[in-house]
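Read off the chains here:
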Amino acid sequence: MTTAYEILLMLDPELAEERQSEIVARMRELIEKQGGTWNGQEPWGRRRLAYEIDHKPEGVYHLLTFAAEPATLDEVSRVLKITDGVMRHMAVRRVRGAASRPSGPRPEEPVAAAASTSQDSEPESTA
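Residues numbered from 1 in each chain as written. Predicted model: local features only at pLDDT ≥ 70, side-chain atom pairs only at ≥ 80, totals over all residues. Heavy atoms only, no water.

Novice: Talk me through the confidence of the model for the protein chain; I want residue IDs and the actual numbers.
Specialist: The predicted model of the protein chain has a mean per-residue pLDDT of 83, with 76% of residues at 70 or higher. A low-confidence stretch, residues 106-121 (pLDDT under 50), is modelled with 1 contact involving residues beyond four sequence positions or located in other chains. (pLDDT = per-residue confidence, 0-100. Contact = heavy atoms within 4.5 Å.)

Novice: Please provide a residue-by-residue account of unusual backbone geometry, values included.
Specialist: A positive phi angle, close to 55 degrees, is found at Asp54, a residue other than glycine. Looking at the secondary structure, you find Asp54 in the loop between strand 2 (37-53) and strand 3 (56-68). The phi angle at His55 is positive, at roughly 65 degrees, despite the residue not being glycine. One can find His55 in the loop between strand 2 and strand 3. (Helix = DSSP H or I, 4+ residues; strand = E, 2+ residues; numbered from the N terminus.)

Novice: Now, about the side chain of Lys56: what can you tell me, with residues and values included?
Specialist: Secondary-structure assignment places Lys56 in strand 3. Polar contacts involving the side chain of Lys56 include one to the side chain of Asp12, which spans 2.8 Å. If we skip the residues at most four places from it in the chain, Lys56 touches Asp12, Pro13, Glu14, Leu49 and Met87. (Polar contact = N/O pair within 3.5 Å; in protein donor to acceptor, adjacent residues only side chain to side chain.)

Novice: Report on helix 2 (residues 70-82), specifying residues and quantitative values.
Specialist: The first and last C-alpha atoms of helix 2 sit 19 Å apart over 13 residues, in line with the 18 Å expected at 1.5 Å per residue. Those residues of helix 2 that are buried lie in contact with strand 1 (3-11), helix 1 (17-33), strand 3 and strand 4 (86-93). (Expected span 1.5 Å × (residues − 1).)

Novice: Can you tell me about the sheet that holds strand 3, naming the residues and giving the values?
Specialist: Pairing in this open sheet of 4 strands is antiparallel, and the strands run 2-3-1-4 from one edge to the other. Where the open sheet ends on each side, the last strands, each with one partner, are strand 2 and strand 4. Taking each pair of neighbouring strands and ignoring which way they run, the sheet shows an average axis angle of 20 degrees. Across the face of the sheet, helix 2 comes into contact with strand 1, strand 3 and strand 4 while running at roughly 5 degrees to strand 1. (Pairing = 2+ DSSP bridges. Axes fitted to C-alpha atoms, helices over the stretch in contact; angles between N-to-C directions.)

Novice: Outline the pattern of salt bridges, listing residues and values.
Specialist: Once the charged atoms of two side chains with opposite charge are near each other, the side chains can pair. For the structure shown, the criterion picks out 6 salt bridges. Between Lys56 and Asp12 there is a salt bridge whose closest N-O contact spans 2.8 Å. Placement of Lys56 in strand 3 and of Asp12 in the loop between strand 1 and helix 1 is noted, with a sequence separation of 44 residues between them. The exposure class of Asp12 is buried, given its relative accessible area of 13%. The residue Glu58 makes a salt bridge to Arg46 at a minimum N-O spacing of 3.0 Å. With Glu58 in strand 3 and Arg46 in strand 2, this residue pair connects regions lying 12 residues apart in the sequence. For Glu58, a relative accessible area of 27% puts it in the partly exposed group. (Salt bridge = Lys/Arg side-chain N within 4 Å of Asp/Glu carboxyl O. Buried < 20%, exposed > 50% of the residue type's maximum accessible area, 1.4 Å probe, protein only.)

Novice: How would you explain the environment of Leu80 if you had to name every residue and give the values?
Specialist: Within the secondary structure layout, Leu80 lies in helix 2. Under the relative-accessibility criterion, Leu80 is labelled buried at 1%. Residues Leu80 and Arg26, spaced 54 residues apart in sequence, show a C-alpha to C-alpha distance of 9.9 Å. Setting aside its immediate chain neighbours within four residues, Leu80 contacts Ile7, Leu9, Met27, Val86 and His89.

Here it is as structure tokens:
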């Protein structure tokens with residue numbers, strides 16, 4: 001029974017574009033060789049990290065979508081763990097109807113404005 005999965009890859013920002021494409025192509029080849037179905041790859045580009053990983057403040061993200069057996073997912077995860085240039089990866093079962101791309105950056109709300117709105121609203125008196 002095949003299951004739909006997605007893997008979010010975080011690659012080293014210092015990797016050449018060709019090496020990034022090579023890693024993605026290798027994953028596609030592995031998935032298809034094991035009987036899975038490749039649905040696509042979506043480059044998300046460079047993103048700033050919340051904290052540095054290996055002294056790097058950014059990562060290059062790629063979203064891989066495919067359908068495969070659980071054993072294939074285990075093999076893909078094993079290969080990603082030992083591949084140079086892969087900083088992190090996370091595999092999850094794909095939910096039907098879910099958006100595949102994160103929403104754009106949200107404007108940050110000032111802390112003072114958020115605090116003042118909660119203090120301005122007074123409870124109504126019941127007189």
